[in-house]
There are 4 protein chains.
Amino acid sequence: MKVGIIGASGYGGLELIRLLHNHPEIEKIDLFTSSEVGTIFSEKYPHLVNIHDQPMHEIAQDHISKLDTVFFSTPAGVTTSLLPPLVGAGPKLIDLAGDFRLKDPALYEQWYQKDAPANEFLEKSVYGLPEWNKKAIQEAEFIANPGCYPTAVLLSLLPLLKNKLIDGSQLVIDAKSGVSGAGNKPSQATHFSETNENFSIYKIHQHQHIPEIEQAMNLFADQPDPITFTTHLVPMTRGIMATSYAKVNGQVTEQQLVDCLKETYENHPFVRVLTDIQKIGTKQVYGSNYCDIHVKVDPRTNRATIISVIDNVVKGAAGQAIQNMNIQYGLDETTGIANIPLFI
Amino acid sequence: MKVGIIGASGYGGLELIRLLHNHPEIEKIDLFTSSEVGTIFSEKYPHLVNIHDQPMHEIAQDHISKLDTVFFSTPAGVTTSLLPPLVGAGPKLIDLAGDFRLKDPALYEQWYQKDAPANEFLEKSVYGLPEWNKKAIQEAEFIANPGCYPTAVLLSLLPLLKNKLIDGSQLVIDAKSGVSGAGNKPSQATHFSETNENFSIYKIHQHQHIPEIEQAMNLFADQPDPITFTTHLVPMTRGIMATSYAKVNGQVTEQQLVDCLKETYENHPFVRVLTDIQKIGTKQVYGSNYCDIHVKVDPRTNRATIISVIDNVVKGAAGQAIQNMNIQYGLDETTGIANIPLFI
Amino acid sequence: MKVGIIGASGYGGLELIRLLHNHPEIEKIDLFTSSEVGTIFSEKYPHLVNIHDQPMHEIAQDHISKLDTVFFSTPAGVTTSLLPPLVGAGPKLIDLAGDFRLKDPALYEQWYQKDAPANEFLEKSVYGLPEWNKKAIQEAEFIANPGCYPTAVLLSLLPLLKNKLIDGSQLVIDAKSGVSGAGNKPSQATHFSETNENFSIYKIHQHQHIPEIEQAMNLFADQPDPITFTTHLVPMTRGIMATSYAKVNGQVTEQQLVDCLKETYENHPFVRVLTDIQKIGTKQVYGSNYCDIHVKVDPRTNRATIISVIDNVVKGAAGQAIQNMNIQYGLDETTGIANIPLFI
Amino acid sequence: MKVGIIGASGYGGLELIRLLHNHPEIEKIDLFTSSEVGTIFSEKYPHLVNIHDQPMHEIAQDHISKLDTVFFSTPAGVTTSLLPPLVGAGPKLIDLAGDFRLKDPALYEQWYQKDAPANEFLEKSVYGLPEWNKKAIQEAEFIANPGCYPTAVLLSLLPLLKNKLIDGSQLVIDAKSGVSGAGNKPSQATHFSETNENFSIYKIHQHQHIPEIEQAMNLFADQPDPITFTTHLVPMTRGIMATSYAKVNGQVTEQQLVDCLKETYENHPFVRVLTDIQKIGTKQVYGSNYCDIHVKVDPRTNRATIISVIDNVVKGAAGQAIQNMNIQYGLDETTGIANIPLFI
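Owing to the predicted nature of the structure, the values given are computational and were not obtained by experimental measurement. (Residues numbered from 1 in each chain as written. Chains lettered and ligands numbered in written order. Predicted model: local features only at pLDDT ≥ 70, side-chain atom pairs only at ≥ 80, totals over all residues. Heavy atoms only, no water.)

K.L.:
Please explain the interface of chain C and chain A as it appears in this structure.
P.N.:
Interface size, as often reported, equals the accessible area lost upon joining of the parts. Opposite the 19 residues of chain C that make contact, chain A presents 19 residues. Where chain C abuts chain A, roughly 1,600 Å² becomes buried across the two surfaces, and 54% of that area is made up of carbon and sulfur atoms. Between the two partners, chain C and chain A, sit zero salt bridges. Applying the counting rule to chain C against chain A returns 16 residue pairs in polar contact (both at pLDDT 80 or more). (Contact = heavy atoms within 4.5 Å. Buried area = accessible area lost by both parts, 1.4 Å probe. Salt bridge = Lys/Arg side-chain N within 4 Å of Asp/Glu carboxyl O. Polar contact = N/O pair within 3.5 Å; in protein donor to acceptor, adjacent residues only side chain to side chain.)

K.L.:
In this structure, what is going on with the relation of the copies chain A and chain B? I would like to understand it.
P.N.:
Both copies of the chain are related by a screw-like operation: a rotation about an axis and a shift along it. Mapping chain A onto chain B calls for a rotation angle of 180° and an axial translation of 0.0 Å; the resulting RMSD is 0.0 Å. One copy is carried onto the other by what is essentially a two-fold rotation axis. A shared interface surface links the copies, since 100% of the contact residues of chain A are contact residues in chain B too. (Least-squares fit on C-alpha atoms with pLDDT ≥ 70 in both.)

K.L.:
I would appreciate a short explanation of the pattern of salt bridges in the present structure.
P.N.:
Pairing between side chains becomes possible if they bear opposite charge and their charged atoms approach one another. Residues and elements named next belong to chain A. A complete count under the given rule lists 54 salt bridges over all chains for this structure. In this structure, R18 and E15 form a salt bridge, with 2.7 Å as the shortest nitrogen-oxygen distance. Of the two residues, R18 and E15 both sit in helix α1 (residues 11–21), three residues apart, roughly one turn of that helix. Residues R18 and E15 agree in their burial class; the two are buried. Of the charged contacts, one joins R101 and E212 as a salt bridge, the two residues approaching to 2.9 Å between their closest N and O atoms. (Helix = DSSP H or I, 4+ residues; strand = E, 2+ residues; numbered from the N terminus. Buried < 20%, exposed > 50% of the residue type's maximum accessible area, 1.4 Å probe, protein only.)

K.L.:
How do you make sense of the interface of chain A and chain B when you look at a structure like this?
P.N.:
On the side of chain B, 55 residues touch chain A, which itself brings 55 residues to the contact. Carbon and sulfur atoms supply 55% of the area that chain A and chain B bury against each other, a total of about 4,600 Å² over both sides. For the chain A face of the interface with chain B, the top three residues by lost area are A:E197, A:F199 and A:R300, together amounting to 17%. Put simply, chain A and chain B have four salt bridges between them. Summed over the shared surface of chain A and chain B, the number is 42 residue pairs in polar contact (both at pLDDT 80 or more). Looking at the side of chain A that touches chain B residue by residue, the classes come out as 24 nonpolar, 17 polar and 14 charged. Where strand β13 (residues 279–281) of chain A and strand β9 (residues 200–202) of chain B come together, three bridges link them in antiparallel fashion. Bridging across to β9(B), A:G281 finds its partner in B:S200. (Nonpolar A, V, L, I, M, F, W, Y, C, P; charged D, E, K, R; others polar. Pairing = 2+ DSSP bridges.)

K.L.:
Please explain the domain arrangement of chain A as it appears in this structure.
P.N.:
Residues and elements named next belong to chain A. Under the domain assignment, chain A is made up of domain 1 (2–146 + 315–328) and domain 2 (149–312). Domain 1 and domain 2 are separated by 25 Å when their C-alpha centres are compared. Roughly 2,400 Å² of surface becomes buried between domain 1 and domain 2 when both sides are summed, with 61% attributable to carbon and sulfur atoms. Contact with domain 2 buries surface across domain 1, with W111, W132 and K315 losing the most and accounting together for 35% of the total. Summed over the shared surface of domain 1 and domain 2, the number is two salt bridges. Where domain 1 meets domain 2, there are 17 residue pairs in polar contact (both at pLDDT 80 or more). If you list the elements that add at least two residues to the side of domain 1 that touches domain 2, you get α1, α5 (105–112), α7 (130–139) and α12 (314–328). If you tally residues by element for the side of domain 1 that touches domain 2, the top one is α12, at six residues. Residue composition of the side of domain 1 that touches domain 2, grouped by class: eleven nonpolar, seven polar and seven charged. (Domains from an automatic or database assignment.)

K.L.:
Which parts of the structure should I look at to understand the sheet that holds strand β8 (residues 172–177) of chain B?
P.N.:
As a general point, the strands of a sheet are linked pairwise by backbone hydrogen bonds and lie either parallel or antiparallel. One open sheet holds the eight strands; their spatial order is β13(A)-β9(B)-β10(B)-β8(B)-β11(B)-β15(B)-β14(B)-β12(B), and the pairing between them is mixed. Edge positions in the sheet fall to β13 of chain A together with β12 (271–273) of chain B, since each has one partner strand and no second. The sheet shows a mean angle of 20° between the axes of neighbouring strands, direction not considered. Pairing of β8(B) with strand β10 (residues 228–233) of chain B involves six bridges; the strand directions are parallel. When the sheet's bridge partners are listed, B:A175 is paired in β10(B) with B:T231. Seen against the sheet, helix α11 (residues 254–264) of chain B touches β12, β14 (291–298) and β15 (303–310) of chain B and runs at an angle of roughly 165° to β14(B). (Axes fitted to C-alpha atoms, helices over the stretch in contact; angles between N-to-C directions.)

K.L.:
Before we go on, may I ask you to explain the relation of the copies chain C and chain A in this structure?
P.N.:
In the superposition of chain C on chain A (RMSD 0.0 Å, axial shift 0.0 Å), the rotation amounts to 180°. Most of the interface of chain C is mirrored in chain A: 100% of its interface residues are interface residues there too.

K.L.:
I keep staring at α11(B) and nothing clicks. Help me out?
P.N.:
An α-helical turn contains 3.6 residues, so a residue and the one three or four places further along point in the same direction. All names here are of chain B. Taken as a whole, α11 has its buried residues at L257, V258, C260 and L261. One side of α11 carries all its buried residues, which in axial view fall inside an arc of 160°. Where α11 is buried, its residues contact α8 (148–162), β12, β14 and β15. (Arc of directions from axis to C-beta.)

K.L.:
What exactly am I supposed to notice about the side chain of A:T230 here?
P.N.:
Its location among the elements puts A:T230 in strand β10 (residues 228–233). The exposure class of A:T230 is buried, given its relative accessible area of 0%. A distance of 2.6 Å separates polar atoms of two side chains, one belonging to A:T230 and the other to B:Y245. Residues in contact with A:T230, not counting those within four places in the same chain, are A:I173, A:D174, A:A175, A:I201, A:I204, A:H205, B:T243, B:Y245 and B:T305.

K.L.:
Can you walk me through the environment of B:G183 in this structure?
P.N.:
Locating B:G183 in the fold gives a position in the loop between β8 and α9 (192–195). Once residues lying within four places of it in the same chain are set aside, the contact partners of B:G183 are B:Y11 and D:H191.

K.L.:
Before we go on, may I ask you to explain the pairing of strand β4 (residues 69–72) of chain A in this structure?
P.N.:
In the case of a regular strand, side chains alternate between the two sheet surfaces. Residues and elements named next belong to chain A. The side-chain alternation of β4 yields two buried faces, one formed by T69 and F71 and the other by V70 and F72. Pairing geometry for strand β1 (residues 2–6) and β4, over four bridges, is parallel. Bridge pairing links I5 to F71 in β4.

K.L.:
Sorry, what's going on with the packing of aromatic side chains here?
P.N.:
Aromatic ring pairs are described here by two measures, namely the spacing of the ring centres and the angle between the planes. Inspection of the entire model under this criterion finds 32 aromatic pairs over all chains. Ring plane angle 45° and centroid distance 5.5 Å describe the contact between A:F41 and A:Y45, whose orientation is recorded as tilted. Aromatic pair D:Y149 and D:F229: ring centres 5.7 Å apart, planes at 80°, arrangement edge-to-face. Here D:Y149 is found in helix α8 (residues 148–162), whereas its partner D:F229 is found in strand β10 (residues 228–233), with 80 residues between them in sequence. (Phe/Tyr/Trp six-rings, centres within 6.5 Å; stacked < 30°, edge-to-face > 60°.)

K.L.:
Could you clarify how one ought to interpret the sheet that holds strand β14 (residues 291–298) of chain D in this entry?
P.N.:
Taken together, the eight strands give an open sheet; going across it, the order is β13(C)-β9(D)-β10(D)-β8(D)-β11(D)-β15(D)-β14(D)-β12(D), and neighbouring strands pair in mixed fashion. Strands at the two margins of the open sheet, each flanked by one partner only, are β13 (279–281) of chain C together with β12 (271–273) of chain D. Mean inter-strand twist for the sheet, computed between neighbouring axes without regard to direction, equals 20°.

This is the structure:
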């Protein structure tokens, strides 16, 4: 297979290169850019010397149409203008940005403060959460890869909501992310001296992933209520933890929650339900496509605390995109992304 | 004033030395130890060369009784055995451990898994949260200095609970701490290679600060319900953020919450209510005795998110202890602890 | 005393505010800016709410001339244009930038790639290394505050060079700095995700502090030879370590080196010569004005390894500037900057 | 191939598991322990749930003799007692500890302060630096895998020394390592709160890797002189940088040094000679088996600064061990270890 990456300089793009490079079915990776045509990629990123020394190409339809799959790793908004002309042009498309995730254009415009893509493209896009939408992904030509926070939140909560074990009307989700989630563009918010040794909160109630989570909860678990969702910045590069709080319904026990999660993900190799551990952390999935989930019920308040961790750059972006590609091509889901976490 | 510190090798003790050293009313600081009598303190901690080159003393009643104030910075359980003989022996006592905070010995034994101190001492101890208990502190001979998490949580929630602006029956408190909160004793949980670049959750629903928070909410704000409380470990040394979630009562607005907080802390120099900022982080109070509070209401869910940050070693331990000492002696509360945060 | 800071938004400026705020002789701190006149400083830096809520002023001669001391914390080049009109206008001037440190304008232009200031101003400036130039500082109207690396290097090597205990003709200096040395302006080189968990080397043989170190070695220790000097970036915010390597002369012993250092700094409160410790680190001086020095001789190679650590923002910038101000005004050198390191 | 790891709980062992798991020729990995027989490995290390859920085995000769290769990832000293009985018992042996690297037992005892292994075993061991000792490795039954620092130092300096381009009699090597080099056992020196935001120096002139480097310089490059070598601890988990300083011989130019390095490593896939970059850092090789080398000559001093970076856990330990195993079995050197660095 020959694949292309548009926007390879971003962190999603870099991680696609890292993972695709060792994917046994990938024969060639072409990088495309609108602003740096001709630049040798390894001159920009010396960690890729001897690995990817080719120049970046211009985004030309005739070149791209010969590829099997094209990944978009461009910022929100940019995808809306670059992607549509390529729909139906040949290659399967996987978009890592947020532009095509929300089916309702009004919602997109409200939360992203940008013009939404045309309806015809929104309709064609398939939400690429493999553990919940595999059938549609198998047949999709155009996939909207989920956001990093939604991936962590949905994998842990959808089973419990769908099975009516927890009360979806009072969800509180406290999410934390490493700094790579902010991308590769320098800013005061990601300046080392102000970010290091600093745990901060941002976009309180205002993160654009909120409508994406709500749309998926509605679609996959019939949960229509709004969520309370906040996001924090952790002084580390990779990793997301979502700590979610919900009342359990009726007499539901911790064991029932665990069983529900285990049954749901029995045949899903990337989701691990952990029990009997005192501590769960983002490093358990560092560099890998795993999502680890843990749940505890507080008998004093009858509230469940549900924890999930992912590597935001892998399962929250590039790894999940490749998982989707694997499914589209009928390959084993884990092909090329079965690497083990770097715990240390 | 002459002061003593028992358990100076711990991080609470080190921070007491740092702050007391520049306190204008302190003339002498004696360090006491049960296990390292005679050790020159600056040989153990070379950052104190030329600053504290005296040996550590044995815990002798005649020596201690000549001091004005004695701080206990010993682990939970140790204080229970060391402190009682000194009550009434002369110096005022300030305990930074948790042993004398819970008035109900059964609760202590349940949450700490240790024998509680005798009732007579529990009765004598005064909970040292200056912004809420100043009168009692002024007259106290024996102060139980609050825990780090309770300080952050209570300062931000007590005003809103007391004024019935938020619903205390559904509180969710998601707390995050730097690693110094775990103390100076090495363990796997604080081993650099496994802690760095790792955000983890621990003691889910089981932290011993839960009953302390509930006791104070009951006492100061007439809020009797149990809380949902979890604690996370952030890969940084200092700092606590508590992110709390509560339904607002009736038609209460964000502005009312802000006003309530501002009015409550109008004359309290260490509590700052911040508005109109996009990002709030622990580094804003690094190394200082400040507690910064921020509140936002989500109109979609009618839920308030209340954020507070402190330096766990200062306002969450040594700084607050000195604030209590200042109040006991009728000094200005800020004496010796008015230093500015190290933002970078 | 009334002081002003030009360029307060930078890290040198922020640290001046932090330290001057608790300086007992400072009654007022005015902040000046060319680009943000009128901005309330604490709105830009919320850690200063309730501490410095005044607006920034325009750089007006009549305002500035009423002050006692003005600190320049502006980037190299900017000082050259802003400072000269204020020489002789009333206040004493202390420049934290590099513009006036090199007496030879050709050298400045070669290493800084900018136009040098006029000779008359270069001649008036006094190099503000208090431990070596106190007499000149006492009478100076205009001080060029040393660079961060030169401070660490010179304090540790000058005594040994001056006393001909080590061979100055073969010096190798391997310097390492925290990221705050790069200032507050975001860039790829200081972007958290690429800086964290990354130890890098930069400006090999090309750092502009090289001629400053050589000029001072020549002046204070009669050592005329060029040095080999490289700089590394450490994934931490504050701190510099300089590890220097030199052949010892003749039969000189480790003890002689230690004695020389101890004698040199006997009456200098901010320099500590440490012996008998296994490990020396930047955190031993974190947030303080100390410079710690350690020396070991390798009998196998007859070479001395000389280590010095400082907090680059304090002794390497703002703290040293205040030390200079204290000396200019006949105050005790340590006034306002005697705070203890934050070891944790 | 079936392989075994003795001492799998250590960081070398964990990394062997991570890399071997994706090695296409490895069919089975058995873990052995002397102290935790029967413990399910993934219960100890939850990041390996679903990946390695087998129990650890006791170190039984009959079990081990059926394996193809056995890796020792035990502490120095332990290997000396565990390994000898297995020599000749069937499997090829690769020792990641230092016990069998020094051919001279007296040297081992002097630097390690432990009893040296018997001469017969020292004689059988082959130093596993593949780029310099491939022939011997191909035929070896028992490999002493190089230390982390020696790997970084030797790869960068051996070509220049062997070709007499630099003066080996005045070498200064300033080495820096992430904290994982200290292993998985908690101690004050690796306690997060004291290690984070702290750059420190340790074992000045006393590191046990000194004689290993000198032995190899003598053997492979005919350089007999002692080196000056110091080691620093960087607040990060993985990565080593060695910055080496040497006078260039005669009229040797920077280009000659670069050419020599490029020619030496032309056919060695894991060594990259980088030119024309402003910054070189450990993250360029993070998680990979690469060693990046950079050299600059300072015309002012006629001294070369030679920089090399490796991931201490990969090329400095487990990755190099697998590279050796590949060579022993006639596989392509890069089999299973061709993964790309995680730059972010």
